[in-house]
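Spelled out from the first residue to the last, the chains are:
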Amino acid sequence: MSLLSSIVPIFVVFSLFQHQFIPQIRAFDVSQQFLQIAKSDEVFEWMIGIRRRIHEHPELGYEEFETSRLIRDELDKLGIRYEFPVAVTGVVGFIGSGEPPFVAIRADMDALLMQEMVEWEHKSKVPGKMHACGHDAHVTMLLGAAKILKDHSHLLKGTVVLVFQPAEEGGGGAIQVVDSGVLENVKAIFGLHVSPALPLGQVSSRSGTLLAGSGFFEAVITGKGGHAAIPQHSIDPILAASNVVVSLQHLVSREADPLDSQVVTVAKFQGGGAFNVIPDSVTIGGTFRAFSKESFMQLKQRIEEVIIGQATVQRCNATVEFSSKDKPFFPATINDNKLHEFFQNVAGNILGPTNVKTMLPLMGSEDFSVYQEVIPGYFYFLGMKAESNKKPASVHSPFFEVNEDILPFGAAMHASLVVNYLTELQGSETRSEKHHDEL
Ligand SMILES: *[C@@H]1O[C@H](CO)[C@@H](O)[C@H](O)[C@H]1NC(C)=O
């Protein structure tokens with residue numbers, strides 16, 4: 001006998017002095033109960049089992065076939081309707097009335113091309129692939145929310161859309177989900193990311209710009225190969241490419257406004273193979289980041305000009321390519337201002353207001369931003385740092401570890417956000433109708 005039957009809806013008295021129809025939270029204050037349910041042995045152990053199964057079988061973007069199957073199996077067991085396939089391996093579930101309004105919660109599914117170095121019972125069984133970004137926990141927490149929400153579907157004043165998205169790590173899975181049309185009519189979308197640095201039980205985010213927009217570039221710098229001891233007969237692409245790398249540093253240090261954060265990093269430099277041969281060409285590649293579209297497009301243009309111009313100075317030719325279909329540009333992650341207020345209220349109810357932190361923007365990027373271009377959205381970080389864990393490995397490290405104690409927090413946060421959102425939306429619509437009547 002669990003807490004499932006003991007939830008009592010608490011109704012709010014709307015302020016008489018309210019002139020605007022900005023939703024004021026408080027309707028069904030079930031958040032605390034959701035956390036208790038998510039922490040119960042039954043739900044917690046079920047989530048741990050799922051997370052470990054996914055962790056043992058990491059799959060790359062658009063190849064999440066087993067992960068997708070696992071998600072569908074669990075949704076079937078829970079009696080939750082879903083659409084499949086969405087964006088190749090993606091799954092989109094529906095809980096509630098099936099009628100509008102719709103509100104979405106999203107988890108990404110893909111793993112990374114890297115070898116896990118953590119020795120433990122449930123280490124990745126696929127050589128060279130690892131869930132080093134916590135997407136195994138993200139999927140699990142969304143399933144946890146699904147279970148809680150299914151048991152409380154009578155509280156849903158509309159429909160919750162569960163978005164299990166493939167290919168977040170550069171593959172543009174969110175673009176394909178949006179293009180599939182499955183999110184049409186969705187009023188808001190929420191997403192989270194585990195944070196190894198933030199203490200367990202805390203969340204952190206901000207209003208407005210949270211993460212940078214990101215793009216990739218690759219350039220081939222072509223010279224003329226030859227004997228390394230007779231350089232005058234060659235056109236050395238290694239030296240030319242080295243000058244290109246140095247020149248690219250000036251874009252941020254000399255051309256960008258110091259108060260408008262930007263990054264240009266050359267992370268790939270390939271050319272040559274022998275000690276005594278000048279190669280024909282060198283390939284360089286990297287990433288660039290900016291918060292505004294303007295700065296982003298300016299960087300893109302200047303990266304191309306600098307590479308080609310600097311190569312020419314060294315008598316080389318260069319071709320530059322930017323993000324292609326399998327590596328698209330991501331816009332900046334920009335949180336909706338009203339959802340920020342809403343989020344702080346809901347998170348404060350679950351975790352206590354002191355555990356709801358505000359952070360500075362980060363230069364990292366997230367394809368959640370693609371949703372935010374078409375739907376008001378909110379993205380936040382969820383802490384998992386244990387007290388004893390002094391300096392945990394960061395995401396994308398082969399030593400990255402998920403503290404499984406985070407799972408109930410994520411499930412409860414997801415579930416509470418959408419229940420409260422739909423309830424408030426109904427409240428604000430009722431209020432605005434009433435307002436019209438009064439007119
Ligand atoms: C660069 O391109 C021009 C025009 O196609 C060509 O004449 C020249 O040989 C090229 N130089 C190198 C180093 O490849």
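Coordinates for the structure precede this section.
Throughout, residues of each chain are indexed from 1 in the direction in which the sequence is written. Whole-chain, interface and lining totals are the exception, using all residues; otherwise, since this is a predicted model, local features are given only for residues with pLDDT of at least 70 and side-chain atom pairs are given and counted only at 80 or more. Side-chain descriptors were evaluated using all non-hydrogen atoms of the structure, hydrogens and water having been removed beforehand.

Some thoughts on the nonpolar core
Our working rule: By nonpolar core we mean a set of buried residues, namely Ala, Val, Leu, Ile, Met, Phe, Trp, Tyr and Cys, connected to one another through side-chain atoms within 4.5 Å. For each residue, the accessible area found with a 1.4 Å probe, counting protein chains only, is set against the maximum for its type, and the residue is called buried under 20%, exposed over 50%, and partly exposed in between. Numbering goes from the N terminus for both helices and strands, where a helix is a DSSP run of H or I of at least four residues and a strand is a run of E of at least two.
In terms of nonpolar packing, the biggest core is built from 74 residues, with Leu162, Phe164, Phe190 and Met413 touching the most fellow members. The leading source of residues in this core is helix H10 (residues 407-438), at twelve residues. Among the nonpolar cores identified, the runner-up in size contains 24 residues, and Ile221, Ala241, Val282 and Phe288 belong to it.

As for the site of the ligand
Using the following cut-off: Each residue is tested against the molecule or strand, and it is near if at least one of its non-hydrogen atoms lies within 4 Å. Counted as a polar contact is a pair of N or O atoms within 3.5 Å, where, for protein atoms, one must be capable of donating a hydrogen and the other of accepting one, and residues adjacent in sequence contribute only when both atoms are in side chains. Areas reported here follow the Shrake-Rupley algorithm with a probe of radius 1.4 Å; residue values treat only the protein chains shown as occluding. Note on residue categories: nonpolar means Ala, Val, Leu, Ile, Met, Phe, Trp, Tyr, Cys or Pro, charged means Asp, Glu, Lys or Arg, and polar means any other residue, Gly included.
Contacts to the ligand come from Thr222, Gly223, Ile235, Arg315 and Asn317. Side-chain polar atom of Asn317 to an oxygen atom of the ligand: 2.2 Å apart, as the coordinates give it. When isolated, the ligand has an accessible area of 360 Å², and the protein chains bury 37% of it. Of the residues belonging to the shell around the ligand, the class tally is one nonpolar, three polar and one charged.

Here we look at the packing of aromatic side chains
Inclusion rule: The aromatic pairing rule takes the rings of Phe, Tyr and Trp, using the six-membered ring of Trp, and pairs them if the centres are within 6.5 Å, calling planes under 30 degrees apart stacked, those over 60 edge-to-face and the rest tilted.
Per the stated rule, a full pass over the model turns up 14 aromatic pairs. Each ring, one from Phe296 and one from Phe329, has its centre 5.1 Å from the other, and the planes form 85 degrees; the classification is edge-to-face. Within this pair, whereas Phe296 is found in helix H7 (residues 293-313), its partner Phe329 is found in the loop between strand S13 (317-322) and strand S14 (333-335), the two being separated by 33 residues in sequence. Overall, the relative accessible area of 6% leaves Phe296 in the buried class. Ring plane angle 40 degrees and centroid distance 4.6 Å describe the contact between Phe343 and Tyr380, whose orientation is recorded as tilted. Taken together, the residues Phe343 in helix H8 (residues 337-351) and Tyr380 in strand S16 (residues 377-385) connect sequence positions 37 residues apart.

A look at the environment of Val126
To keep things clear, this is the line we draw: We call two residues in contact when some of their heavy atoms are within 4.5 Å.
Looking at the element boundaries, Val126 is found in the loop between strand S3 (102-108) and helix H4 (135-151). Assessed through its relative accessible area of 23%, Val126 is described here as partly exposed. Residues Val126 and Pro58, 68 residues apart in the sequence, show an inter-C-alpha distance of 6.8 Å. Val126 has contacts with Glu56, His57 and Pro58, leaving out every residue within four places of it along the chain.

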